[in-house]
Amino acid sequence: MRKTTTLALIATGLVALGCGSGATDDTTGSKASAGSKAEAGGAKGEDKPAKTAKIGQAARDGKFEFTVKSSKCGVAKVGTSMIGDKAQGQFCLVTINVKNIGKEPQTLDGSSQKAYAADGTEYSSDTEAGLYANKEASTFFEEINPGNQVTGVFVFDIPKNVKLTKLELHDSMFSGGVTVSLA
């Protein structure tokens, strides 16, 4: 009896996680999503792909509005001469403004942000280097209250011969994300 109850509780928890995981996937708002199907005009009723934002344009994922301010690659070290982090290849420093557009505090998780090269290779942010690159702001588990915003540097350690072409920014590890072109 005890095994059955435990298994039932685990199964219920997994189902609840699966059902709630899409709760923050709304990148443009429910009205815009409903309009996407009508705009697609396809016989199969497929959704039109989400628009890709560019540097300087706001892009929303869940409770966050992201605006990429700048991107600089080819950096060998972040921090000071006494303490810092050295790149395995090269650091790409991406300055992003993140605003909480929701009605509850939301935690910004720097490790949920991804960068991509032209060939589709995915790179994760380097949270340790991010701590050194951000003198006063934090992009690693920073709680942002509704209406507030932070600007920070997200750091990606990529090979020297690689160029980043886009970012995939997330309000949480479970969200669908929003794409921002760096090209």
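Criteria and thresholds
Residues numbered from 1 in each chain as written. Predicted model: local features only at pLDDT ≥ 70, side-chain atom pairs only at ≥ 80, totals over all residues. Heavy atoms only, no water. Helix = DSSP H or I, 4+ residues; strand = E, 2+ residues; numbered from the N terminus. Contact = heavy atoms within 4.5 Å. Buried < 20%, exposed > 50% of the residue type's maximum accessible area, 1.4 Å probe, protein only. Polar contact = N/O pair within 3.5 Å; in protein donor to acceptor, adjacent residues only side chain to side chain. Core = buried A, V, L, I, M, F, W, Y, C linked by side-chain atoms within 4.5 Å. Pairing = 2+ DSSP bridges. Disulfide = S-S within 2.5 Å.

Draft legend 1. Highlighting the environment of Val153. Locating Val153 in the fold gives a position in strand 9 (residues 149-158). Excluding its chain neighbours within four sequence positions, the residues that come into contact with Val153 are Leu93, Val94, Thr95, Gly130, Ala133, Asn134 and Thr139.

Draft legend 2. View of the environment of Lys54. Relative to the elements of secondary structure, Lys54 occurs in strand 1 (residues 53-54). Overall, Lys54 belongs to the exposed group, its relative accessible area being 52%. Taking the C-alpha atoms as reference points, Lys54 and Leu167, 113 residues apart in sequence, are found 9.9 Å from one another. Once residues within four sequence positions are removed from consideration, Lys54 is found in contact with Val180 and Ser181.

Draft legend 3. Broad picture of the environment of Tyr132. Secondary-structure assignment places Tyr132 in helix 3 (residues 127-133). Measuring from C-alpha to C-alpha, the distance between Tyr132 and Ile83 comes to 8.2 Å, with 49 residues separating the pair along the chain. Among residues more than four places away in sequence, those in contact with Tyr132 are Val78, Gly79, Ile83, Gly84 and Asp85.

Draft legend 4. Looking closely at the side chain of Ser181. You can see Ser181 is positioned in strand 11 (residues 178-181). One polar contact links the side chain of Ser181 to the main-chain amide nitrogen of Ala183, over a distance of 3.3 Å. Sequence-distant contacts of Ser181, defined by excluding residues within four places in its chain, comprise Thr52, Ala53, Lys54, Ile55, Thr165 and Lys166.

Draft legend 5. Representation of the nonpolar core within the structure. Of all hydrophobic cores here, the largest spans 24 residues; its most connected members are Phe66, Val68, Ile96, Phe156, Leu164, Leu167 and Leu169. At the level of secondary structure, the elements contributing two or more residues to this core comprise strand 3 (64-79), strand 4 (84-100), strand 6 (114-117), strand 9, strand 10 (164-169) and strand 11. Broken down by element, this core gets its largest block of residues, 4 residues, from strand 4. Among residues more than four places away in sequence, those in contact with Leu164 are Cys92, Ala115, Tyr116, Ala117, Tyr123, Phe156, Ile158 and Leu182. Judged by nonpolar contacts, the second largest core, of 9 residues, contains Val75, Val78, Phe91 and Ala129.

Draft legend 6. Molecular detail of the sheet that holds strand 10. Ordered in space as 1-11-10-6-7, the 5 strands form an open sheet in which the pairing is mixed. Edge positions in the sheet fall to strand 1 and strand 7 (122-124), since each of these pairs with one other strand and no more. Relative to strand 10, strand 6 runs antiparallel, the two sharing 4 bridges. Looking at strand 10, one finds that Ala117 is bridged to Leu164.

Draft legend 7. Summary view of the state of the cysteines. Summed over all chains, the structure comprises 1 disulfide. Note on cysteine connectivity: Cys73 is disulfide-linked to Cys92, with sulfurs 2.0 Å apart. In this structure the cystine formed by Cys73 and Cys92 twists about its S-S bond by roughly 115 degrees; its chirality is therefore right-handed. Here Cys73 is found in strand 3, whereas its partner Cys92 is found in strand 4, with 19 residues between them in sequence. A residue is classified by how much of its surface remains accessible, and Cys92, at 0% relative accessible area, is buried.

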